[in-house]
Amino acid sequence: MLIDGTKILALPQDEVWQALNNSDFLSRVIPGCSKVSEPTPGQLVLVLTAAVGPIKVNFNAEAQREVLIPSTSFTLTGRGSAGPAGAASGRVKVQLTPVEGGTQLDYSATTEITGRMAQLGSRLIDSTARKFSEEFFSNLAREMTPPA
């Protein structure tokens with residue numbers, strides 16, 4: 001499944017880059033996330049809870065961040081296990097571009113779900129992934145809105 005989009009954030013590109021590379025910040029904006037750690041540079045370990053249709057799952061996930069162009073773009077590749085409910089893997093590419101009034105964030109993500117969760121059907125999984133993405137970017141915009 002492919003999810004892509006563009007968001008405009010009202011902060012300079014360097015501030016957006018720093019936030020997206022900060023594990024404490026990520027733990028606040030990733031929906032259902034209870035922990036993000038970075039045991040080695042570029043490696044993320046996450047614990048999160050997600051509802052995929054009627055199934056509520058706890059994921060233990062690992063991701064590797066590859067910086068393509070510092071302060072401009074990176075790719076994050078990861079995999080998470082939800083035990084008997086299945087697993088998810090994916091890759092997201094993020095591109096930051098300065099624009100008037102802030103930073104344009106372009107993203108493209110591919111995901112694959114296996115196990116019991118995959119049996120729920122692609123429409124439900126696609127809807128859940130899009131909802132997760134929108135919630136992430138809503139949280140991101142909220143956290144990055146400068147105080148009035």
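Right above here is the structure, for reference.
These lines cover the structure that appears in this document, whether it is placed above or below. (Residues numbered from 1 in each chain as written. Predicted model: local features only at pLDDT ≥ 70, side-chain atom pairs only at ≥ 80, totals over all residues. Heavy atoms only, no water.)

## Regarding helix α1 (residues 13-20)
Because each turn of an α-helix spans 3.6 residues, side chains separated by three or four positions end up pointing in the same direction. Going by this rule: Throughout this description, buried means an accessible area under 20% of the type-specific maximum (1.4 Å probe, protein chains only), exposed means over 50%, and partly exposed covers the range between. Where helices and strands are cited, they refer to DSSP runs of H or I of at least four residues and of E of at least two residues respectively, numbered from the N terminus. The arc in question is the one traced by the directions running from the helix axis out to the C-beta atoms.
Within the sequence span of α1, burial applies to Gln 13, Val 16, Trp 17, Ala 19 and Leu 20. Along the long axis of α1, the arc covered by the buried residues comes to 165°, so they all point the same way.

## Remarks on the sheet that holds strand β2 (residues 33-37)
Quick note on the threshold: Only strands joined by at least two bridges in the DSSP assignment are considered to pair. Helix axes use the C-alpha atoms of the stretch in contact, all axes being lines fitted to C-alpha atoms, and the angles between their N-to-C directions lie in the range 0 to 180 degrees. In what follows, residue pairs with any heavy atoms lying within 4.5 Å of each other are defined as contacts.
The sheet built from seven strands is open, its strands ordered β1-β7-β6-β5-β4-β3-β2 with antiparallel pairing. What marks the edges here is a single partner per strand, and that holds for β1 (2-9) and β2. Ignoring strand direction, the axes of neighbouring strands in this sheet form an average angle of 20°. In terms of strand pairing, strand β5 (residues 73-81) meets strand β6 (residues 87-99) through nine bridges, oriented antiparallel. Bridging from a neighbouring strand, Leu 76 pairs with Val 92 of β6. The sheet contacts of α1 involve β1, β4 (55-69), β5, β6 and β7 (102-114), and relative to β6 the element is tilted by about 160°. Each of β1, β3 (43-52) and β7 is contacted by helix α3 (residues 122-144), which is oriented at about 15° to β1, the strand it contacts most.

## Things to note about the environment of Lys 35
By the element assignment, Lys 35 lies in strand β2. Sequence-wise, Lys 35 and Asn 60 are 25 residues apart; in three dimensions their C-alpha atoms are separated by 9.7 Å. Residues contacting Lys 35, with those up to four places away along its chain left out, are Val 45, Leu 46 and Val 47.

## With respect to the pairing of β4
Examined bridge by bridge, β3 and β4 share ten bridges and lie antiparallel to one another. Residue pairing in the sheet places Ala 51 in a bridge with Lys 56 of β4. Linking β3 to β4, which pair antiparallel, is a turn of two residues; within it Gly 53 sits at a positive phi near 60°. Bridge count for β4 against β5 is nine bridges, and the pairing is antiparallel. Each residue of the ladder has a partner; that of Ala 61, found in β5, is Gly 80. The hairpin formed by β4 and β5 contains three residues between the paired strands, and Ser 71 there has a positive phi angle of roughly 65°.

## What to know about the packing of α1 against α3
Basically, it comes down to this: Between 65 and 115 degrees an angle is taken as roughly perpendicular, under 35 as roughly parallel, over 145 as roughly antiparallel, and anywhere else as oblique. Here a crossing is called left-handed whenever its near helix is offset anticlockwise from the far helix by less than a right angle, and right-handed whenever the offset is clockwise. Gly is put with the polar residues, along with every residue not named as nonpolar or charged; the nonpolar set is Ala, Val, Leu, Ile, Met, Phe, Trp, Tyr, Cys and Pro, and the charged set is Asp, Glu, Lys and Arg.
In the contact formed by α1 and α3, the axes pass within 12 Å of each other and the chain directions differ by 120°. On the basis of the axis angle, α1 is oblique to α3. For the element pair α1 and α3, the recorded crossing hand is right-handed. When α1 is examined against α3, the residues Glu 15, Val 16, Ala 19 and Leu 20 are found in contact with a partner set consisting of Phe 136, Leu 140 and Met 144. Split by residue class, the contact of α1 with α3 holds six nonpolar, no polar and one charged.

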